[in-house]
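Okay, here's what each chain looks like letter by letter:
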Amino acid sequence: MQHWALSLGGKRYKQMIALGGAPGVFQINEPILFGLPIVLNPMWFIPFVLGPVITTVISYIAVSSGMVFPIVAKIPWVTPPIVGGFLATGGHVSGAVLAAINLVISTAIYLPFVYAQVKIDTKNKTELTKDSDTLSV
């Protein structure tokens, strides 16, 4: 989920997507988590915790209200998200749709933080360039 939001960021984030995007499709997110770093970064803590909580609540409501077929199969953890929703519900499209909706919601949760981090990085880079120009004069 972070991958989609990060693709809208700057050059550094696009490089991280190039390195961590393929494993991320299969739920192996460590290159992104530790490469940005999302782990131990207070700014990324909010979407990192808030995203799963919100999507879990939405999923619970969708399943308990009968809008989505309940999980009937245990699938490997490396199954891609939308395919995983389809397989876990026994081949019902409602599981795949819910997984896609959760992916969009998670992306929307991450976007403001991605934009804020890009602004911070740009500001730090500008200050660093300004300081290095002052030192070299």
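Below, the structure is looked at part by part. (Residues numbered from 1 in each chain as written. Predicted model: local features only at pLDDT ≥ 70, side-chain atom pairs only at ≥ 80, totals over all residues. Heavy atoms only, no water.)

## Observations regarding the overall build of the chain
Moving on, step 1. A tally of helices and strands in the chain yields six helices and zero strands.
Moving on, step 2. Ordered by position in the sequence, the α and β elements of the chain form the string α-α-α-α-α-α.
Moving on, step 3. Considering only intrachain contacts with a sequence separation of at least 6, the fraction spanning at least 24 residues in the chain is 58%.
Moving on, step 4. Accessible surface, the chain as shown: approximately 8,600 Å² in total, 74% of it carbon and sulfur. (Helix = DSSP H or I, 4+ residues; strand = E, 2+ residues; numbered from the N terminus. Contact = heavy atoms within 4.5 Å. Areas by Shrake-Rupley, 256 points an atom, 1.4 Å probe, with all protein chains shown as cover.)

## Side note on helix H5 (residues 81-88)
Moving on, step 1. Within H5 the residues assigned to the buried category are Gly84, Gly85 and Ala88. Considered in projection along H5, the buried side chains sweep an arc of 100° and stay on one side of the axis.
Moving on, step 2. Of the residues trailing H5, glycine 90 is marked for its positive phi of about 75°. (Buried < 20%, exposed > 50% of the residue type's maximum accessible area, 1.4 Å probe, protein only. Arc of directions from axis to C-beta.)

## Let's talk about the nonpolar core
Moving on, step 1. Counting residues in hydrophobic clusters, the biggest one holds twelve residues: Tyr13, Met16, Ile17, Ile32, Leu33, Leu36, Ile38, Met43, Trp44, Tyr110, Phe113 and Val114.
Moving on, step 2. Of all elements in the fold, only helix H2 (11-25), helix H3 (30-35), helix H4 (42-64) and helix H6 (93-136) reach the threshold of two or more residues within this core. (Core = buried A, V, L, I, M, F, W, Y, C linked by side-chain atoms within 4.5 Å.)

## Some details on a nonpolar patch on the surface
Moving on, step 1. Judged by side-chain polarity, Phe45, Ile46, Phe48, Val49, Leu50, Val53, Val57, Tyr60 and Ile61 come together as a nonpolar surface patch covering roughly 840 Å² of accessible area.
Moving on, step 2. Structurally, valine 49 is set in helix H4.
Moving on, step 3. For valine 49, a relative accessible area of 36% corresponds to the partly exposed category. (Patch = residues over 30% accessible without salt bridge, like charges linked within 9 Å, V, L, I, M, F, W, Y side chains within 5 Å. Salt bridge = Lys/Arg side-chain N within 4 Å of Asp/Glu carboxyl O.)

## A few points about unusual backbone geometry
Moving on, step 1. At glutamine 27, a position not held by glycine, the phi torsion is positive, near 65°.
Moving on, step 2. With respect to the helices, strands and loops of the structure, glutamine 27 is situated in the loop between H2 and H3.

## Section: the side chain of threonine 89
Moving on, step 1. With respect to the secondary-structure elements, threonine 89 resides in the loop between H5 and H6.
Moving on, step 2. Within the local environment of threonine 89, its side chain forms a polar contact with the backbone oxygen of glycine 85, the two atoms lying 2.9 Å apart.
Moving on, step 3. A distance of 3.2 Å separates a polar atom in the side chain of threonine 89 from the backbone oxygen of phenylalanine 86.
Moving on, step 4. Each residue touching threonine 89, except ones within four places of it in the same chain, is listed here: Val68, Phe69, Pro70, Ile71, Val72 and Gly95. (Polar contact = N/O pair within 3.5 Å; in protein donor to acceptor, adjacent residues only side chain to side chain.)

## Overview of the side chain of serine 59
Moving on, step 1. Residue placement: serine 59 occurs in helix H4.
Moving on, step 2. Serine 59 has contacts with Leu98 and Asn102, leaving out every residue within four places of it along the chain.

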